[in-house]
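These are the residues of each chain, in order.
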Amino acid sequence: MSWIDKILPTGVRKEEGNRRSNVPEGLWTKCVKCEAVLYRPDLERNDDVCPKCDHHMRIGARRRLDIFLDQHDRQEIHTDVEPVDRLKFKDKKRYRDRLTAAQKATGEKDALIAMRGTLQGMPLVVVAFEFAFHGGSMGYAVGEKFTRAAQLALEEGIPLVCFSASGGARMQEALISLMQMAKTSAVIERMKQAGVPYVSVMTDPIYGGVSASLALLGDINVAEPDARAGFAGPNIIEQTIRQKLPKGFQRSEFLLDHGAIDMIVHRNDMRDTLGRLLAKLTATELAQSPPAAEEEGVETRDGEEVESVQDDD
Amino acid sequence: MNPNYLDFEQPIAELEVKIEELQHVGSDADINISEEIEKLREKSTKLTEKIYGNLSAWDIVKVARHPQRPYSLDYIPRVFTEFDELHGDRRFGDDRAIVGGVARLDGQPVMVIGQEKGRAVKDKVLRNFGMPKPEGYRKALRLMEMAERFKMPVITLIDTPGAYPGIDSEERGISEAIAQNLAVMSRLATPILCVVIGEGSSGGALGIGVGDHLAMLQYATYFVISPEGCANIIWKSTEHAPDAAQAMGVTSSVLQDLGIVDATIAEPLGGAHRNVGLMASRIQDHLIGQLDRLQQMPVEAMLEQRYARLMSYGN
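Keep in mind it's a predicted model, so treat the numbers as computed, not measured.

Rules used in this analysis
- Residues numbered from 1 in each chain as written.
- Chains lettered and ligands numbered in written order.
- Predicted model: local features only at pLDDT ≥ 70, side-chain atom pairs only at ≥ 80, totals over all residues.
- Heavy atoms only, no water.
- Helix = DSSP H or I, 4+ residues; strand = E, 2+ residues; numbered from the N terminus.
- Rg over C-alpha atoms; globule rule 2.2 N^0.38 Å.
- Buried < 20%, exposed > 50% of the residue type's maximum accessible area, 1.4 Å probe, protein only.
- Contact = heavy atoms within 4.5 Å.
- Lys, Arg positive; Asp, Glu negative; His and termini not counted.
- Charge placed at Lys NZ, Arg CZ, Asp CG, Glu CD.
- Areas by Shrake-Rupley, 256 points an atom, 1.4 Å probe, with all protein chains shown as cover.
- UniProt positions renumbered as here; feature names shortened; annotations may be inferred.
- Pairing = 2+ DSSP bridges.
- Domains from an automatic or database assignment.
- Buried area = accessible area lost by both parts, 1.4 Å probe.
- pLDDT = per-residue confidence, 0-100.
- Salt bridge = Lys/Arg side-chain N within 4 Å of Asp/Glu carboxyl O.
- Polar contact = N/O pair within 3.5 Å; in protein donor to acceptor, adjacent residues only side chain to side chain.
- Nonpolar A, V, L, I, M, F, W, Y, C, P; charged D, E, K, R; others polar.
- Axes fitted to C-alpha atoms, helices over the stretch in contact; angles between N-to-C directions.
- Core = buried A, V, L, I, M, F, W, Y, C linked by side-chain atoms within 4.5 Å.
- Phe/Tyr/Trp six-rings, centres within 6.5 Å; stacked < 30°, edge-to-face > 60°.
- Lys NZ or Arg CZ within 6 Å of the ring centre and 35° of its normal.

Some thoughts on the overall build of chain B
- Per the secondary structure count, chain B includes 14 helices and eight strands.
- For chain B, whose C-alpha radius of gyration is 21 Å, the value lies close to the compact-globule estimate of 20 Å for 315 residues.
- Counting only residues that meet the buried cut, chain B has 57% of its 315 residues in that class.
- For chain B, long-range pairs separated by at least 24 residues make up 71% of all intrachain contacts whose partners lie at least 6 apart in sequence.
- Counting 33 positive and 44 negative side-chain charges, chain B places the centres of these two groups 4 Å from one another.

Some remarks on the overall build of chain A
- Of the regular secondary structure elements, chain A holds twelve helices and nine strands.
- Counting every position in chain A, which comprises 313 residues, the buried fraction comes to 54%.
- In chain A, once contacts between residues fewer than 6 apart in sequence are set aside, the share between residues at least 24 apart is 68%.
- Carbon and sulfur atoms make up 50% of the accessible area of chain A, which amounts to about 14,000 Å² in all.

Some points on the environment of Arg127(B)
Residues and elements named next belong to chain B.
- Within the secondary structure, Arg-127 sits in the loop between helix 5 (121–126) and helix 6 (134–149).
- Sequence-wise, Arg-127 and Asp-95 are 32 residues apart; in three dimensions their C-alpha atoms are separated by 7.4 Å.
- Apart from the residues lying within four places of it in its own chain, the contact partners of Arg-127 are Leu-73, Arg-96, Ala-97, Val-99, Glu-116, Lys-117 and Gly-118.

Details of the UniProt feature "binding site: Zn(2+)" (unreviewed entry) in chain A
All names here are of chain A.
- UniProt's feature table lists "binding site: Zn(2+)" (unreviewed entry) at Cys-31, Cys-34, Cys-50 and Cys-53, given in the numbering used throughout. A compact arrangement is adopted by the annotated residues: their sequence extent is 23 residues, whereas the largest C-alpha distance between any two is 8.6 Å.
- Within the fold, Cys-34 resides in the loop between strand 1 (28–30) and strand 2 (37–39).
- Dropping the residues within four chain positions of it, Cys-34 is found in contact with Cys-50, Lys-52 and Cys-53.
- If near-sequence neighbours (up to four positions away) are discounted, Cys-50 is found in contact with Cys-31, Cys-34, Leu-38, Leu-43, His-55 and Met-57.

Examining the pairing of strand 4 (residues 112–119) of chain A
Residue and element names in this part refer to chain A.
- Counting buried residues along strand 4, seven of its eight residues qualify, which places the element largely inside the surrounding structure.
- The pairing of strand 4 with strand 5 (residues 122–129) spans eight bridges and is antiparallel. Within strand 5, the position partnered with Ile-113 by the bridge is Ala-128.
- Taking the residues that link successive antiparallel strands as the turn, the strand 4-strand 5 hairpin has two residues, and the phi of Gln-120 there is positive, at about 50 degrees.

Topic: the domain arrangement of chain B
All names here are of chain B.
- Partitioning chain B into domains gives domain 1 (9–54) and domain 2 (61–312).
- With centres defined by C-alpha atoms, the gap from domain 1 to domain 2 works out at 36 Å.
- Each partner contributes residues to the interface: domain 1 has five residues there, and domain 2 has seven residues.
- Approximately 470 Å² of surface area, both sides summed, lies buried where domain 1 meets domain 2, with 66% of it carried by carbon and sulfur atoms.
- In terms of surface lost to domain 2, no three residues of domain 1 exceed Glu-9, Thr-48 and Tyr-52, which account for 83% of the buried area on that side.

Let's talk about the confidence of the model for chain B
- For chain B, per-residue confidence averages 95 on the pLDDT scale, and 98% of positions sit at 70 or higher.
- The complex model carries a pTM of 0.90, and its ipTM stands at 0.95.

Observations concerning the interface of chain B and chain A
- Chain B puts 44 residues into the contact, and the matching count from chain A is 49 residues.
- Roughly 4,100 Å² is buried in total at the junction of chain B and chain A, and carbon and sulfur atoms are behind 71% of that figure.
- Between the two partners, chain B and chain A, sit two salt bridges.
- Joining chain B to chain A, the criterion identifies twelve residue pairs in polar contact (both at pLDDT 80 or more).
- Counting only elements with at least two residues in the side of chain B that touches chain A, the list comes to helix 7 (167–171), helix 8 (174–185), helix 9 (202–206), strand 7 (221–223), helix 10 (227–234), helix 11 (241–248), helix 12 (252–257) and helix 14 (299–312) of chain B.
- With eight residues, the top contributor of residues to the side of chain B that touches chain A is helix 8 of chain B.
- Taken together, the residues that form the side of chain B that touches chain A break down as 30 nonpolar, eight polar and six charged.

Details of the confidence of the model for chain A
Residues and elements named next belong to chain A.
- Mean pLDDT over chain A stands at 88; residues scoring 70 or higher make up 83%.
- Note that residues 9–20 has pLDDT below 50 and, in this model, twelve contacts with residues that lie over four places away or in other chains.
- Considering only residues more than four positions removed or in separate chains, one finds that residues 290–313, a stretch of pLDDT under 50, has 30 contacts.

Regarding the sheet that holds strand 5 of chain A
Residue and element names in this part refer to chain A.
- Read across the open sheet, the seven strands follow the order 3-4-5-6-7-8-9; overall the sheet is mixed. Each having just a single partner strand, strand 3 (75–77) and strand 9 (263–264) make up the two edges of the open sheet.
- Both strand 8 (residues 220–223) and strand 9 contribute to a ladder of two bridges, which runs parallel. Counterpart to Ala-223 in the pairing with strand 9 is Ile-264.
- Sitting on the sheet, helix 4 (residues 61–68) is in contact with strand 3, strand 4, strand 5, strand 6 (160–166) and strand 7 (198–206), with an inclination near 160 degrees to strand 5.

Digging into the nonpolar core
- Core analysis: the largest hydrophobic core is formed by 145 residues, its most contacted members being Phe146(A), Phe80(B) and Tyr222(B).
- Of all the elements, helix 7 (residues 174–194) of chain A adds the most residues to this core, at eleven residues.
- When residues no more than four places from it in sequence are discounted, the contact partners of Tyr222(B) are Leu175(A), Leu178(A), Met179(A), Val196(B), Gly200(B), Ala205(B), Leu206(B), Leu214(B), Met216(B), Val250(B) and Leu255(B).
- Core analysis: the second largest hydrophobic core is formed by 23 residues, Phe163(A), Val199(A), Val201(A) and Ile220(A) among them.

A few points about the packing of aromatic side chains
- Per the stated rule, a full pass over the model turns up six aromatic pairs over all chains.
- Here the aromatic rings of Phe68(A) and Phe163(A) are separated by 5.0 Å at their centres, their planes lie at 75 degrees, and the arrangement is edge-to-face. Taken as a pair, Phe68(A) in helix 4 and Phe163(A) in strand 6 lie far apart in primary sequence, 95 residues in all.
- Ring geometry for Phe146(A) versus Tyr198(A): centroids 6.0 Å apart, planes at 80 degrees, classification edge-to-face. Highlighted residues: Phe146(A) in helix 6 (residues 140–156) and Tyr198(A) in strand 7, separated in sequence by 52 residues. By the burial criterion, Phe146(A) is buried, and Tyr198(A) matches it.
- Among the aromatic residues, ring-to-ring pairing joins Phe8(B), Tyr52(B) and Tyr219(B) into one connected group.
- Sitting above the plane of the Tyr307(B) ring, Arg190(A) keeps its charged end 3.5 Å from the centroid.

Focus on the domain arrangement of chain A
Residue and element names in this part refer to chain A.
- The domain architecture assigned to chain A consists of domain 1 (28–57) and domain 2 (59–282).
- The interface is formed by nine residues belonging to domain 1 together with nine residues belonging to domain 2.
- In total, domain 1 and domain 2 occlude about 810 Å² of area from one another, counting both sides; carbon and sulfur atoms represent 36% of this.
- The tally of links from domain 1 across to domain 2 stands at two salt bridges.
- Across the pair Asp-48 and Arg-63 runs a salt bridge whose closest N-O atoms are separated by 2.5 Å.
- For the pair domain 1 and domain 2, the interface holds ten residue pairs in polar contact (both at pLDDT 80 or more).
- Looking at side-chain class alone, the side of domain 1 that touches domain 2 contains two nonpolar, two polar and five charged residues.

Pasting the structure below:
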């Protein structure tokens, strides 16, 4: 961080960082991995996956939900859940102020968005982490919203899908955040006992408390290509063992090789793959697929028909 | 500095040295030394009371990590009888950072699971300094499920600097191992009593820490990230660990106020290591009392209560 960044108030810095991840207004952008210059509408049409190198860009929670759910019948749920500062935590800054800054920068109350909607006609509940909000860290609000979403899925007997992206537990909520691990795991276990499917989709990156609870407890665990997921961060491990980590450590392929996940799913295939899986787990007839086709060709099932633009904003 | 005493305890250490010196003199002189020793002892007690009556969060972190702090294997033979250690996760290996086995508490069969840091250097290495790997959590899970089958209450003793952050840990799925324990412990149909006896560090502690009742010893600590880790992230320097300890509220008094910890078990004056026997008997009383209470409830009601409690965290 340059000295000029240091003297800027957090809000300004955050906004700047945010703008970078959401890609500026301009029509051209650069792939953060291969540095190819990309035409913004092309990139959007490709679900924010680089058309040149296939790098899956980090995307926000709302964009994530938008490209995953069917276009109609979506409803955001549990919007009343707000973060609390029970400890009145203060370091160099007050946690309260950090929260306010993050809320301003992202326009979200905290780091998890929940919606109910349909996937290829199948009703379900979906939650997505907003990494731009405090690194997607899980404090009370994230744990509570996840739990309520899961409880709704449980009551209605409809699947829950979670897209996680998180640095772990939120330090500023100390043990309250740690206990969200126990809380979310408990409600997932109830779903499991009741036979209500839970699919966990890991997107870059997932670490710490989120990894050691809700992210790895799916009936089916899925990861996007090249996502990093692990318990301890690479720096901590390197410090502990005093050696360089192997290439690809904690990446999706590593997770697949070591049996932590069921499959790696390309973002373009997410709707189809999860739709197929959930239809089987809920014994939904294959006939449920057509409703998706009703949506004026929104589907890009074979990846060939891209002219039917999904988001025409 | 006397290594048996922490930095803030050095005035006590000095007095103790004086007492010891006088005792040596006492054997070859007949002057009224015993009275003098008695006075100094009283003074030492008062001083200890004073120092321990005013410990900062960081001081308590140090007591919890005191090199003479009693560990699980110090308590197990004093709290329980007939401890038979059971080994292995049946999948990969036996993790010595977690000990477990069947024992009796006041005559009643129980399953005991505790994290063990190890005392002598060789033992510390064997036990990976109390940092469990996936096989440790999976052994614990195996034993807990066995306890459920044989209707034995589960008692866990928490004391870890954290789950092991290493390549092999990640390869074998440390996250999944911890997560699985959280999930299963939330519904295990037998009473689960958890006691933080030393250091409760993050997910590694919680991995054997979900149950019907959570107690902490008076000078034990429980945190989501070590004060050093927190200081490193926020202040970019571990020197601020005392500030981090204070801000996070790592002690039983704060955590009881937050409704996370149910009870604090008082330690002997100057910490558990000054009187292991007394500490063990207090832990035993605590466990017998809580178990009695839980066993009077129908299992269904107990599980509903456990679940409701989990759901309430942070409300």
